[in-house]
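Structural characterization, general
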Amino acid sequence: MLDLSVSAIPDGTTKRGELAACPSCSAPAPPAFIRLTELPVHGTAVFASADEARAVTTGDQELALCGTCGVVFNRAFDMSKLDYTGEHEESQHLSPRFAAYAAELSEQWVKRHELLDQHVVEIGCGAGDFAAELLRAGVGSVTGIDPHFGPERVPADLAQRLRAVPAFYSPEMVEPGTAAVVCRHTLEHIPELAVFGADILRGMRTAGVPVLLAEVPDLGRILTDGAFWDLQYEHCSYFTPATLGGYLGRLGFDVLDVRTTYTDQYVVAEAAPATGDTAGEPGPAAELDRLHQLCEGFATHTIGRITHWGSWLDDRRAAGDTVVVWGGGAKGLTFLNMLREHADAVSAVVDINPGLQNHYIGGLGLPIVAPRDLVSAPPRTVLLMNPVYVDEVRALLDELGLQTTELITV
């Protein structure tokens, strides 16, 4: 069942199992402004059969806005639901657009923070894709920390400069002489933000590391655009540029820069350990007011988007038009599961990642196919989950001889 509700945000009571306080600043947790129930908990899990995909563990997202610091968090998050022992596929680097962005960001960081030939520690390195980009950009060596990381996917010419630590992060893992700590697309997965952030700072101070380089999804765009497909169970904490900067400041960092990137989809922050004590000040009033307004309208906005796409899919099914969704990762999974009552209008999910192809998407069990598989049965419409890829997807469809296939974005 999908439950969407609009809530005011005064003081409220907690239900059993709900977080009673903000994980960033420990202020009392307000009621949720939106509730999404029984959605798959993993956006990157790979399923070998439709039955296995339909049997995926589900969880609830009850998102609350902290009225003190502005961090949004899932009050119903349950870490025990997550299981990374199976196969997972999270790489986006097969997209030329994303690969170019990752290369550009790594080159900026190497130049701005003088990382040429230096050692870098990456916390939450995933499959090691960005660690490889840092090495290509001139970093001397990287220690990649992630409990699910194995170096076998790192290109052979870079492997000797990358040390894999398949474990959860702890402060002693930051080696003396490290020039930067990188933490990309990790903070949004952390339920105990204050504890985790303090451990990062402790490790950096002990090892004498001068700079933290972080990146997270931008909550402001999600709320403004009604992009419900960007809500993932694994993402238990959400930030805007202002609230990410505030979080780092409260931990004890001097924020050097914070900005949005990748067509405002991500927030990048660069911060140095502060030399004095931090005041732990609340979030800026203007940002808190803006977030209150956006959160209060988000459920209504989301309901409108779901109604629109549900009707659109129903119309396509009634017309006998074949529809495929392009994007077999977390966006496509959330979108389709939120529209499960209409998803029989979708014949397949398309992805360029070979690690997802010939598998099935969680919850619904729809097949995930390669772009070339569309040639034998051309769809009427391709619904693209991320508009940043529209040019490369259009070019690929044309290259496959599918010039008449309609391409639209959510």
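Coordinates for the structure precede this section.
Below is a summary of the structure that appears in this document.

Here is what the cut-offs are and how they apply
Residues numbered from 1 in each chain as written. Predicted model: local features only at pLDDT ≥ 70, side-chain atom pairs only at ≥ 80, totals over all residues. Heavy atoms only, no water. Helix = DSSP H or I, 4+ residues; strand = E, 2+ residues; numbered from the N terminus. Rg over C-alpha atoms; globule rule 2.2 N^0.38 Å. Buried < 20%, exposed > 50% of the residue type's maximum accessible area, 1.4 Å probe, protein only. Contact = heavy atoms within 4.5 Å. Areas by Shrake-Rupley, 256 points an atom, 1.4 Å probe, with all protein chains shown as cover. Lys, Arg positive; Asp, Glu negative; His and termini not counted. Charge placed at Lys NZ, Arg CZ, Asp CG, Glu CD. Pairing = 2+ DSSP bridges.

Observations concerning the overall build of the protein chain
A count of helices and strands for the protein chain gives 10 helices and 17 strands. For the protein chain, whose C-alpha radius of gyration is 21 Å, the value lies close to the compact-globule estimate of 22 Å for 410 residues. Seen through its principal axes, the protein chain has C-alpha atoms that stretch 65 × 55 × 35 Å. Sorting the 410 residues of the protein chain into buried and exposed places 58% on the buried side. Residue pairs at least 24 apart in sequence account for 69% of intrachain contacts in the protein chain once pairs closer than 6 positions are excluded. As displayed, the protein chain has an accessible area near 16800 Å², and 52% of this comes from carbon and sulfur atoms. Of the charged side chains in the protein chain, 28 are positive and 54 negative, and the gap between their average positions amounts to 1 Å.

So, unusual backbone geometry
A positive phi angle is found at E114, which is not glycine, with a value near 50°. Mapped onto the fold, E114 is located in the loop between α2 (96–112) and β4 (119–123). A relative accessible area of 66% places E114 in the exposed class. Positioned with a positive phi, N358 is a non-glycine residue whose angle comes to about 65°.

Some details on the pairing of strand β11 (residues 266–273)
β11 sits mainly inside the fold: 8 of its 8 residues count as buried. Where strand β8 (residues 212–217) and β11 come together, 6 bridges link them in antiparallel fashion. Along β11, the bridge assignment pairs L212 with A271. When strand β10 (residues 253–261) meets β11, the two strands line up antiparallel, connected through 8 bridges. Its bridge partner being in β11, R259 is matched across the sheet by V268. Two successive antiparallel strands, β10 and β11, enclose a turn made up of 4 residues, where Y262 displays a positive phi of approximately 55°.

The values are spatial; any link to function lies outside them.
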